[in-house]
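# Working through the structure, step by step
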Amino acid sequence: MKRLPEHLQGIGMTSQRTRDRLVQRLQEEGIHNLQVLDVMRHTPRHIFVDEALASRAYEDTALPIGHGQTISQPYVVARMTAALLESGPLDRVLEVGTGSGYQAAIIAPLAGEVYSVERIRPLLEQARRRLAELQLRNVRLKHSDGSWGWPEFAPYDAIIATAAPEQVPEALLQQLAPGGRLVMPVGPQGVQELVLLTRTAEGIERQVLDRVSFVPMLGGTR
Ligand code: SAH
């Protein structure tokens, strides 16, 4: 990947050395996909959080992004992205829950086209500015309730949701291409599982990857 322009590089706690250290840690924790590690090494997470939190951007934790929402933990971002890539290169990817835009920025260089929907308008507009700053032109954003997916561009090779519904929305399964993969947290707060669903010729195959803690998937927009 190309070097970041000077003004996005960061210094001290947001420097390249700090990003390198985070990636090293992800590797030690079992993330082995080199493409994912490379993109995370070269994506400035500190521009996806408020300036007051920038110095904590390369800790391996979720951080608040306002409106009661959080930017996902780097390990979980890496894990979910790697799970989607296991079946090979991705053409069209749908994300439910744009939030800060960080997860979309990680998938964008690894996919043909990324479609991401967010129900909270101010978050969506902020993510739009950040993705433009990074010149990621293959991400399309929409303000809507993502539990209905984004039918217009379906089917998707991969679907990722970064908010947890109690059950996998039927619409998302319907918009999954043959052989496609869907990774998302499912379940009530406190007892969520990260599941990987694959559409095979026989039907939907389900695998549990981890126990996780995500914000809930909510209906409607605001
Ligand atoms: N991928 C984000 C994670 C943000 S947290 C990031 O990297 O920062 C999850 C996001 O999902 C929140 O912004 C929340 O508003 C959004 N969300 C919750 N339910 C949703 C729904 N039904 N449709 C679209 N977005 C939803």
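As shown above, the structure is provided for reference.
Residues numbered from 1 in each chain as written. Predicted model: local features only at pLDDT ≥ 70, side-chain atom pairs only at ≥ 80, totals over all residues. Heavy atoms only, no water.

Our next topic: unusual backbone geometry. Generally, phi is negative for residues other than glycine and the peptide bonds are trans, each holding for most cases. Here the bond from Ala-154 into Pro-155 is cis, since omega is 0°, no more than 30 degrees from zero. Position of Pro-155 relative to the elements: it lies in the loop between β5 (139-143) and β6 (156-161). Notably, Gln-135 is not glycine yet its phi reads approximately 55°, a positive angle. Counting through the fold element by element, Gln-135 comes out in the loop between α6 (121-133) and β5. (Helix = DSSP H or I, 4+ residues; strand = E, 2+ residues; numbered from the N terminus.)

Attention now moves to the site of the ligand. The environment of the ligand is made up of 27 residues, and the closest members are Ser-100, Glu-118, Asp-145, Gly-146 and Leu-218. Between the ligand and Gln-103, the relevant distance is 3.1 Å, taken from an oxygen atom to a main-chain nitrogen or oxygen of the residue. With respect to the ligand, the side chain of Glu-118 contributes an N or O atom lying 2.6 Å from an oxygen atom. Alone, the ligand offers 570 Å² of accessible surface; in the complex the protein occludes 99% of this. The dominant element in the shell around the ligand, judged by the number of residues it contributes, is strand β2 (residues 69-71), at three residues. Its residues assigned to classes, the shell around the ligand shows 11 nonpolar, 12 polar and four charged. (Near = heavy atom within 4 Å. Polar contact = N/O pair within 3.5 Å; in protein donor to acceptor, adjacent residues only side chain to side chain. Areas by Shrake-Rupley, 256 points an atom, 1.4 Å probe, with all protein chains shown as cover. Nonpolar A, V, L, I, M, F, W, Y, C, P; charged D, E, K, R; others polar.)

Counting residues in hydrophobic clusters, the biggest one holds 56 residues, and the most contacted among them are Leu-26, Met-40, Phe-48, Val-139 and Val-183. The leading source of residues in this core is helix α4 (residues 74-85), at nine residues. Not counting residues up to four positions away in its chain, the partners in contact with Val-139 are Ala-104, Ala-108, Val-114 and Leu-131. Val-117, Ile-159, Ala-161 and Ala-163 belong to the second-largest nonpolar core, a separate cluster that totals 20 residues. (Core = buried A, V, L, I, M, F, W, Y, C linked by side-chain atoms within 4.5 Å. Buried < 20%, exposed > 50% of the residue type's maximum accessible area, 1.4 Å probe, protein only. Contact = heavy atoms within 4.5 Å.)

Let us look at the pattern of salt bridges. Throughout the structure, instances matching the rule amount to six salt bridges. Linking Glu-29 and Arg-25 is a salt bridge whose minimum nitrogen-to-oxygen distance equals 3.3 Å. Linking Glu-59 and Arg-56 is a salt bridge whose minimum nitrogen-to-oxygen distance equals 3.2 Å. Owing to a relative accessible area of 32%, Glu-59 belongs among the partly exposed residues under this scheme. (Salt bridge = Lys/Arg side-chain N within 4 Å of Asp/Glu carboxyl O.)

A word on helix α3 (residues 34-41). Along α3, the residues that are buried comprise Val-36, Leu-37, Val-39 and Met-40. Along the axis of α3, the buried residues cluster in a sector spanning 165°; they form a single face. At its buried positions, α3 is contacted by α2 (16-28), α4 and α5 (102-107). In this structure Asn-33 caps α3, since a side-chain oxygen of it lies 2.9 Å from the backbone nitrogen of Gln-35. (Arc of directions from axis to C-beta.)

In an α-helix, one turn spans 3.6 residues, which is why side chains three or four residues apart end up on the same side. In this model α2 runs 18 Å from its N-terminal to its C-terminal C-alpha over 13 residues, within 8% of the 18 Å that 1.5 Å per residue would give. If you follow the buried residues of α2, they end up packed against α1 (6-9), α3 and α4. (Expected span 1.5 Å × (residues − 1).)

Looking at the secondary structure, you find Gln-103 in helix α5. With relative accessibility at 5%, the residue Gln-103 sits in the buried group. When sequence neighbours within four positions are dropped, the list of residues in contact with Gln-103 reads Val-77, Thr-81, Glu-95, Ile-160 and Thr-162.

Within the fold, Asp-145 resides in the loop between β5 and β6. There is no salt bridge for the buried Asp-145, and the closest opposite charge comes from Arg-119, which lies 6.1 Å off by N-O distance. Only 2.5 Å separates the side chain of Asp-145 from the side chain of Ser-147, close enough to count as a polar contact. A polar atom in the side chain of Asp-145 sits 3.0 Å from the backbone nitrogen of Gly-220. If we ignore the near neighbours within four places in the chain, the residues touching Asp-145 are Leu-218, Gly-219, Gly-220 and Thr-221. (Lys, Arg positive; Asp, Glu negative; His and termini not counted.)

Enumeration over the complete set of coordinates arrives at five aromatic pairs. Ring geometry for Tyr-115 and Phe-153: centres 4.4 Å apart, planes at 20°, overall stacked. With Tyr-115 in strand β4 (residues 111-118) and Phe-153 in the loop between β5 and β6, the pair connects residues that are 38 residues apart, well separated along the chain. A relative accessible area of 3% means that Tyr-115 is categorised as buried. Taken together, the ring pairs in this structure connect Tyr-115, Trp-150, Phe-153 and Tyr-156 into an aromatic cluster. Above the plane of the ring of Tyr-102 lies Arg-45, whose end atom (NZ or CZ) is 5.7 Å from the centre. (Phe/Tyr/Trp six-rings, centres within 6.5 Å; stacked < 30°, edge-to-face > 60°. Lys NZ or Arg CZ within 6 Å of the ring centre and 35° of its normal.)

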